[in-house]
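Analysis of the macromolecular model
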Amino acid sequence: MIISSLNTRKITYLVLLSIKSNKKWISLFTARRQSIANEASTELDTKIPDYVDLSACWDKASENIEHIKCGLLKGMKIVPNFISEAEENALFAEIEPYMKRMRYEFDHWDDAIHGFRETERTEWSGIGAEALQRARRHSLEDVTTALPHTHVLDLDEKGYIKPHVDAVRFCGRTVAGLCLLSPAVMRLRHSEQTDLFADFLLSRRCLYIMKDVARYDFTHEILQNDLSHFKGYHVPRTRRISLINRSQPISQ
Ligand code: OGA
Ligand code: MN
């Protein structure tokens, strides 16, 4: 479903589609000088990635909404197939013996996460360790600012993550997750203008990088299986493990 590398013909096609479907593009040809915010958003319009589903709420023409959208799309990036199947297998083999001894927690209705078990791990071996290191280098400007441990979050097939913002006490400006075993849909919703939201397809073996506006101004959640839809298609959510690296909290 995901087009990871667009060839030139596809880009031309998508640009034409944008021109047809977006009035903002038409005004581009009227040579009218646009505000900086509008220019930035026009630039993004050509490149709305396949992994994001923007709902109709963003259509209302307003500079403020364009500005928020721009920040969201700059702050949330997904790299499909960031790890190979062999790397996924190695990472899974390393954590599974430990994870399967724990029970999934369903009981606490007020927890942000429902149906999960988790741990933190600092030492990794073999090609799994290399993959994690590659993910850190790709996500964090300066790997020395990463927290030393990786958060391992194992969601049961009936599990889901409710909307939340990661606590600034425990995490800096970047959250980067490697997604194992199952695809999932992550919804980001603006914390104040709550009608503004977008869905992101986290394909199996992808890496997502959520930072800045996406990390601070939006809540994020992982949809449960029966609500797990993307661009009209059901994305079956089975058991899913995410390996999350975070930057160190910024001292308050
Ligand atoms: C979290 C979280 C997302 C994921 O643990 O705070 O949002 O990809 N996890 O599992
Ligand atoms: Mn989170």
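Within any chain, residue numbers begin from 1 and follow the written order of that chain's sequence. All chains are assigned letters beginning with A, and all ligands numbers beginning with 1, in the order in which they are written. Totals for whole chains, interfaces and linings use all residues, but because this is a predicted model, local features are given only for residues with pLDDT of at least 70 and pairs of side-chain atoms are given and counted only at 80 or more. Hydrogens and water molecules were not included; the side-chain quantities draw on all heavy atoms of the structure.

One heavy atom within 4 Å of a molecule or strand is enough for the residue carrying it to be called near that molecule or strand. Close to ligand 1 lie His151, Leu153, Ile161, His164, Asp166, Met186, Tyr208, His220, Arg240, Ser242, Ile244 and Arg246. In the environment of ligand 1, an oxygen atom lies 2.9 Å from a nitrogen or oxygen atom belonging to the side chain of histidine 220. In this structure, an oxygen atom belonging to ligand 1 sits 2.9 Å away from a side-chain N or O atom of arginine 240. Accessible areas in this description were obtained via Shrake-Rupley with a 1.4 Å probe; residue shielding takes into account the shown protein chains only. A total of 300 Å² of accessible area belongs to ligand 1 in isolation, and the protein chains cover 95% of it. If you map ligand 1 onto the pockets, it falls in the second largest pocket. Only DSSP runs of H or I covering at least 4 residues are called helices, and only runs of E covering at least 2 are called strands; the numbering of each starts at the N terminus. At the level of elements, β4 (150-164) and β12 (240-246) are the ones that each hand at least two residues to the shell around ligand 1. Amino acids are sorted into nonpolar (Ala, Val, Leu, Ile, Met, Phe, Trp, Tyr, Cys and Pro), charged (Asp, Glu, Lys and Arg) and polar (every other residue, Gly among them). Each residue belonging to the shell around ligand 1 can be placed in one class, and the counts come to five nonpolar, four polar and three charged. Polar contacts here mean pairs of N or O atoms no more than 3.5 Å apart (in protein, one a potential hydrogen donor and the other a potential acceptor; neighbouring residues in sequence count only if both atoms are side-chain atoms). Note on definitions: the grid is 1 Å and covers protein atoms alone; a cavity is a set of points where a 1.4 Å probe fits but cannot get out; a pocket is an open set with protein on both sides within 12 Å along at least five of seven lines; lining residues have an atom within 4 Å of a point. Here the criterion for a molecule occupying a pocket or cavity is that more than half of its atoms lie within 2 Å of the pocket grid points.

Positive phi, close to 75°, is recorded for leucine 181, a residue that is not glycine. With a phi angle near 50°, aspartate 212 is a residue other than glycine that sits in the positive phi range. Topologically, aspartate 212 is positioned in helix α7 (residues 212-216). Relative accessible area decides the class of each residue, using a 1.4 Å probe on protein chains only: under 20% of the type maximum gives buried, over 50% gives exposed, and in between gives partly exposed. With relative accessibility at 28%, the residue aspartate 212 sits in the partly exposed group.

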